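Residue strings, one per chain:
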Amino acid sequence: MFTPTEHTANSEALLNIFRTVQLEQDQYDDMLKLDINQSTGEFFYDAWQLKPEYENTEVARVLDQLGSVGQAKIVSIPPGQCYLAHSDVEDRYHVTLQSDQCHVMDLSNQQQYPCVVDNRVYHMDTARLHTVVNAGYLPRICLLYTSDAADEGLGVDLGGRRI
């Protein structure tokens, strides 16, 4: 579910870019989020374009590694918080920028994966029922994005199962 890829990211440089940026309270949960790109059309699956303030930065370099990128955002989970159990239609790529005791939990297979700052890009099979738990004292901050490369050759039915 949470597999390292050959892609890399400078987590410290990314964290420094977003240190002074105000993240927004999500309307559905206690997480803080910031979209770093925007759709070029009216439909979620239209092409996405990086916001001008992130062009020619480590953000652009990381996203360019995978080609066509969908929605990209910074997500911060406060200490002692977690997402409700869920699955997503599209797989995600994940780069941990800050974390001290945080885990991705694959609830379907009863496995957990630590979120560590290691400058790696991870592929997340998010069609599985999962959550992210921050049991540490620091906010867990990550770069999270979709890409056409994440779902090549795969499909997901409405129950979240691979087809």
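Reading the values: the criteria
Starting afresh in each chain, residues are numbered from 1 along the sequence in its written order. pLDDT decides what is reported in this predicted model: residues at 70 or higher carry local features, side-chain atom pairs at 80 or more are listed and counted, and totals for whole chains, interfaces and linings draw on all residues regardless. Side-chain numbers come from the whole structure's heavy atoms, not from hydrogens or water. A helix here means a DSSP run of H or I that spans at least four residues, while a strand means a run of E at least two residues long, and both kinds are numbered starting from the N terminus. The contact definition used throughout considers only heavy atoms, calling two residues in contact when any of these lie within 4.5 Å. Only protein chains enter the calculation, and the probe is 1.4 Å; a residue is then buried if its accessible area is under 20% of its type maximum, exposed if over 50%, and partly exposed in between. In short, DSSP must find at least two bridges between two strands for them to pair. Note on terminology: a nonpolar core comprises buried Ala, Val, Leu, Ile, Met, Phe, Trp, Tyr and Cys residues joined through side-chain atoms within 4.5 Å. By definition, a salt bridge exists where a carboxyl oxygen of Asp or Glu is found within 4 Å of a side-chain nitrogen of Lys or Arg.

(A) Structural detail: the environment of Thr40. Mapped onto the fold, Thr40 is located in the loop between strand S4 (37–39) and strand S5 (48–50). Sequence spacing of Thr40 and Leu50 is 10 residues, and the spatial spacing of their C-alpha atoms is 9.9 Å. In this structure, Thr40 is in contact with Asp46, Ala47, Trp48 and Gln49, ignoring residues within four places of it in sequence.

(B) Molecular detail of the pairing of strand S11 (residues 130–134). When you tally the buried positions in S11, you get 4 out of 5 residues, the bulk of the element. Note: strand S8 (residues 102–106) against S11, 5 bridges, orientation antiparallel. Among the inter-strand pairings, Asp106 is bridged to a residue of S11, identified as His130.

(C) The nonpolar core, seen in detail. One finds Ile36, Ile74 and Tyr145 to be the most contacted residues of the largest nonpolar core, which totals 24 residues. Elements with a contribution of two residues or more to this core: helix H1 (11–18), helix H2 (58–64), strand S6 (69–77), strand S7 (92–98) and strand S12 (140–147). The contact partners of Ile74, leaving out residues within four places of it in the chain, are Phe18, Leu23, Leu32, Lys33, Leu34, Ile36, Leu97, Ile141, Cys142 and Leu143.

(D) Quick look at the pattern of salt bridges. In total, this model carries 5 salt bridges according to the counting rule given. Residues Asp88 and Arg92 are paired through a salt bridge, measuring 3.6 Å at the closest nitrogen-oxygen approach. The exposure classification of Asp88 matches that of Arg92, with both residues buried. Across the pair Asp125 and Arg128 runs a salt bridge, and its minimum N-O distance is 3.2 Å. When its relative accessible area of 14% is taken as the criterion, Asp125 is described as buried. Residue class for Arg128 comes out partly exposed when judged on its relative accessible area of 26%.

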